[in-house]
Every structure is written in C-alpha cells, then in structure tokens.
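Each chain, written out:
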Amino acid sequence: MLEISGLRKRFAGGPGAPEGKQALDGIGFTVRPGEMFGFVGANGAGKSTTMRIVMGVLKADAGTVSWRGEPMTHADRQRFGYMPEERGLYQKMRAGEQIEYFGRLHGMSQANAKKATEDLLERLSLTDRRNSSVESLSLGNQQRVQLAVALVHDPELLILDEPFSGLDPIAVDALATVLQERCRGGVPVIFSSHQLELVERLCDSVGIVSAGRMVASGTVDELRAAEGGMLRVVVRDPAPGWADGLPGQVDVQGNRHVLVTEDGDDQDILRRAIKAGHVEHFGVEQPTLTEIFKEAVA
Amino acid sequence: MNGMMLVARREITTQIRTRSFVISLLVTVVVVGALAFAPKLFDRPDSYTIGTVNSQQLPLEAAAPDIEFEWRSFPDEAAATRAVLDGDVDAVLVDGAKVFTDGQIETELGVLLQSTHREAKLGAAGVQIAPLQMESVGADTRYQAARTGIAVVLVLVLFMLILGQVMMVAMGVVEEKGSRIVEILLSSVRPWQLLGGKVIGLGVLGLINLGAILVAGIGASFASGFAADFPPGMTGIVAGVLVWFVLGYAFFATLGAALASLVSRQEEVGNVMSPMTMLIMAAYFVAFYATTDPTGTLATIVSFVPPFSSMVMPVRMAATEVPLWEVAASAGLMVLAVLAILAFGAKVYERAVLRTGARVKLGEVLRAK
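Just so it is clear, the structure is predicted and the values come from calculations on it, not from any experiment.

Visitor: Please set out the interface of chain B and chain A residue by residue, giving values where relevant.
Guide: Residue-level contacts link 22 residues of chain B with 26 residues of chain A. Both faces combined, the contact of chain B with chain A buries some 2300 Å², and carbon together with sulfur accounts for 56% of it. Three residues stand out in chain B for area buried against chain A, namely Arg10, Ile184 and Ser187 of chain B, and they jointly supply 27% of the buried area on that side. Where chain B meets chain A, there are 3 salt bridges. A salt bridge links Arg17 of chain B to Glu97 of chain A; the nearest nitrogen and oxygen atoms lie 2.7 Å apart.

Visitor: Account for the environment of Gln22 of chain A, with residues named and values stated.
Guide: Residues and elements named next belong to chain A. One can find Gln22 in strand E2 (residues 21–31). Discounting residues that sit within four places of it in the chain, Gln22 has contacts with Arg8, Lys9 and Arg10. Polar side-chain contacts of Gln22 include one of 2.9 Å to the side chain of Arg10. Polar contacts involving the side chain of Gln22 include one to the main-chain carbonyl oxygen of Leu24, which spans 2.9 Å.

Visitor: Describe in detail the pattern of salt bridges, supporting the description with residues and values.
Guide: According to the stated counting rule, one finds 33 salt bridges over all chains in the structure shown. The shortest N-O distance in the salt bridge between Arg201 of chain A and Asp173 of chain A comes to 3.7 Å. Here Arg201 of chain A is found in helix H7 (residues 196–202), whereas its partner Asp173 of chain A is found in helix H6 (residues 169–184), with 28 residues between them in sequence. For Arg201 of chain A, a relative accessible area of 52% corresponds to the exposed category. Of the charged contacts in the structure, one is a salt bridge between Arg265 of chain B and Glu268 of chain B, with a shortest N-O distance of 3.8 Å. Taking the relative accessible area as the measure of exposure, Arg265 of chain B reaches 44% and is therefore partly exposed. Judged by its relative accessible area of 18%, Glu268 of chain B falls in the buried class. One network of salt bridges, in which partners are shared, links Arg52 and Glu86 of chain A together with Arg180 and Glu183 of chain B.

What counts, and where the lines are drawn
Residues numbered from 1 in each chain as written. Chains lettered and ligands numbered in written order. Predicted model: local features only at pLDDT ≥ 70, side-chain atom pairs only at ≥ 80, totals over all residues. Heavy atoms only, no water. Contact = heavy atoms within 4.5 Å. Buried area = accessible area lost by both parts, 1.4 Å probe. Salt bridge = Lys/Arg side-chain N within 4 Å of Asp/Glu carboxyl O. Helix = DSSP H or I, 4+ residues; strand = E, 2+ residues; numbered from the N terminus. Polar contact = N/O pair within 3.5 Å; in protein donor to acceptor, adjacent residues only side chain to side chain. Buried < 20%, exposed > 50% of the residue type's maximum accessible area, 1.4 Å probe, protein only.

Now the structure itself:
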C-alpha cells in the first residue's frame, strides 16, 4: 500500500516569477494493492510534482511517502516502474537492448531481463522493432518502448505520468490491457491523464487535484454519489407555465421542454409533467467524471 | 554485476558499435603508424657523387661511414666539367690536386676531401696520426632526436584523447539530463554509480584508443627500423603514458561531467565546459613547450602541478631522463587532485543533474544543503 500524506513543495522563484510557486499544498492519498488510481487535474495542479516526489526525483519540503507502512527507501524505488512525463530514452540505442538494460539496472539477471524483454516486445507488438534504434521508431512505438522500460522488471508499483498521451486508440487499448493485468496481479497503478473518459473506464479510484491539494478522491461511484445525479425530464407540447415554481431550469427545444434539476420532489415533478403534456423522458442522470472534475476544480 | 559496471558496459558497447568510433580509431592508427616511417623518409643519410680525372679515389668511406659515396671516373677535364655543370656529380677530383665544383663546395664535403687528402699524403710520407678520441662529458644526446619526436607525438595523442573522451562524457551527461532518462536511471542506481560508470566506460574506450595507437606506433617503428633509435627505458615511457592518461582523464572527465550536469541542452555544453577546455589547452601548450625544453624551469615546475602534470610529466619523461622520485612525487600529487575532484564532481553532479531547465549556477549547487 502506498500512503502519501501532507506533501508540500515550493519552487523557488526565478526571473519572471520572483515569488516562486507553491506546487504542493498538503496533498495526500492512499493507493491499495491491486488498485488502479487515476490522477486528474489541470495542467500545473501538481500531479507530476507528486509523482516525482514519490519516485525520489524531487525532495518534498514536508510530508511523508510510505510504502507498505514504512518510509519509502531507494531500495523500494528500485522495484517500482516509472514513466516520467517527459519521455526519456537513449535515442541511438536499440529498442530491445534498451528495455533489457533497464531491466538489468533494476537488478535482474541477464537471462531474466532478456526473457522479460522478449515477452514485452511481443505484448506491445514491437518484436520486429527489437533491433531498431529508438530514434527511428514512430512516436507511438517510442511510447511503447518507454512503457516497456517501466514494466520490464515486473515492478511492485507503477507510477505513470500521462502514459496515454499521444497514443492512437489501438495503442491505448493495448496499454490499458497491460496495465489492467498488472493491476489484477496485485500491483498498485497510479497514472495521470487528461483523458477523463479513459480514467472513468479504467480506474477503481480517482483523485482530483487542484492547486496542490486533493480536492476530491474516492471511487468513481463515490464521487458520483457525492456530486449527486441530475433529474432530467422531457415533456412534449406541455401547457405553458407548467414548470412555474419548480426548481431547476427549463430549456425549450422546439415543442419539447427539458427540465434539469438537482433538488425538488421527483414524484411531484413527475405528476406535474404528466398533467402538463406527453412525458418522453424521465430519469436521474449520473454526472460524468468530466462534470465532476469541472465542479471540483471550479 | 552492480549498477556502475552495467552503466560502464552500456557506454562501451554502444560507442564501440558506432561507425565514427571505428573510423577514428582506424585513422589514428594509420596516422601514427605512418609517423613511425617519417624519420626514414625525411632523414635519409647524405650521399655524394664524386668524379675523378686521372686521380686515385680518396678513402672517404673510412673517414665518414654514415655518408654514402658514389665514384665515377671521367676521361678528361672537359667531360668532368660537363658532368659538374649538369649536376651529375657534386665534385670532381682532378689530377689528385684540384677539385671542380659548380659554385662553392658544400662545407662538409670540402672538409672531408681536404682532410682525407692530407691524411693520404702524410700516410704516403710515412707519418701516422692517431685519430682524436671523441668523448661526451654532458648528457647522453644520442637519442635526442628520437626522444623529441616521440614526445611530440605523445603530446598530440594525449591532448586529443583526453579532450575527445572528456567531451564525450559531457555530452553523455547532458543527453541523459536533457532527455530526463536520468529520472528513470536514478530510481534504480545512485548518482555516483551513474557518474562513475560513464567515466569508467568512456575511459576504457580511451584506453582502447591509446593502446591501439601505442601498438601501431611501436609496431610500425620496428617495421621501419626507427625502433633502433628508441631511447633506453622505452617500456617505462609506455607504461608511464598509460598511467598518466588514466590520471589525467579521471581528473578532467569528472570535472567535465560535473560542469555538464549544470546544463540541460547540448548547445550549452561548449559554453559551460569552456573553463575546463582552457585548462586542457594550457596543459597542452606547456607540454608542447616541454618537448623542446624538457629540462627548463617552466616545464619542470609545471610537471609537478596537477592537473597539468598529467600531460607535461609524460612528455618530459619521453623527452629527457626524469629521476624516479620526481615522477613519483608528481604522480602522488596528481592522485590527490583526482581524489579531490572525484569528491567535488560527485557532489555537484548529484545536486545538479535532476534540476532540469535553465542552467544551474555552480555556486548555488555548492551552497545548497
């Protein structure tokens, strides 16, 4: 289990921004084994900074990061898989050798690193690119190699900064499948993304970060419940003024009136609607993650 | 295998496979091999063609064994004069009494002709003169030319190899920092392992280069016969070159890596490295000066001052005989300097390499906790 609590980080000011920036302002969350955790937030909200602190690339000013109940050490991090936001690979090195090299740096034997590399190349449809230099690969394939580098040593925790950005839908599915497999094997996976539909589809839980603070977190269902559904009623050819006194807003679309409301007695509203005209639609609509996100960071 | 050795091995295997490494190795080997033949091409022994008209040949060969003489005889003065004017012969001895030349005679040949002529006449008159015994009471200068030649080649080789390998280290550091590979690397290895592995790996490549140059140079010297002029203690000189290269490279490579870790873009490497490049250039100039004046005050003093000693001392060792205690003292000082720069470089590197973006100031790095 990964526990992060009270992380604070301030970046020193420079020319152009003399006052500096409070990048993290007490952020904290927990990721359990086998949980896929989606990290969402606007650009500059502090997602990457948090991930970099977990990976030891940055030092926090305050707060703790613990792994399996103990403060995280370099030896722990050696068993993690990390994909930084700005992709980093040796451009002139061959794809297969590169994956194997990182496997060995993480402490694998040559035989194991080779085998894991072959498996990953096959899983990511890169087998015929094994001996191509990274610079000769398409961006999508470079991204796959980058992912393979993060996965090769069978990590105990995966931290992926924007792993899906720039991938085509097929590559997204391939990557998602690989991540879900690792997750089912008990590995906690944290990834950040701006593709909220994807986060909603894949993640067990979501953390929404804004200005260095966790503004909402939990399972997608919990977030929905907290946000509450919206009642949406569509009435055809209603009597004018039927909705007077009801909460919410009425949107007139031709001969249809659409009422959307958060509060009010739904049974009362239904009765009024039936009396007023032909009810075409009546139901509670769950907010999408996008709506929850916009609400949370507003 | 630990992280440092893995890093070193990656540097070696990826570099050794590049075409530029193979080509530059071949070119240096060929150039150094060709240099060993140079003395033979440029330093051919003097030779003279001498004609006779109605004269005995003089015993010039006995008087000057290093010089080749070719004799021709002419029937009369007219034929001899024509041969002199056509440049077919350098001089013609006529009637054992006079010498024809085209313009003034070459001093060396004139002196030889006069003295052998005199000796022949005196010998005929029954006077025997014991030749003067030549004896040097100064330093043994027999090998001076060879020593200077070896030292000049050595300066160039050390300068090019150290500067070249150090630049490779610097570029490698910036490549990793700029592309953020270093963020992934440092989650599995320690900064000193990454730095050490890179310095060791590229150092091994430098040694491979140096070894190839030495083998090519010495092999070609034996093939060309230049090896006969090798000064005594050549093995010591070669061993010294290897040790001094390792020391000099370790110093400059660590310093270079530390400086390079301050910047994030390849374009900035040259700029941030310029103080160090100037240091290497200064060592190069003093070392070059030492080839001609290896016992002078400047060369002697600088051959003790790290890091300049790493280039000046091996050159002095090749150019003249340096007492062993001087070499040992200078090497000891250099080792201390290398240890100091390793501590300094590792600290700067560790603190700066993850600070991507604008150039990091050295003072800021040193002050940081």
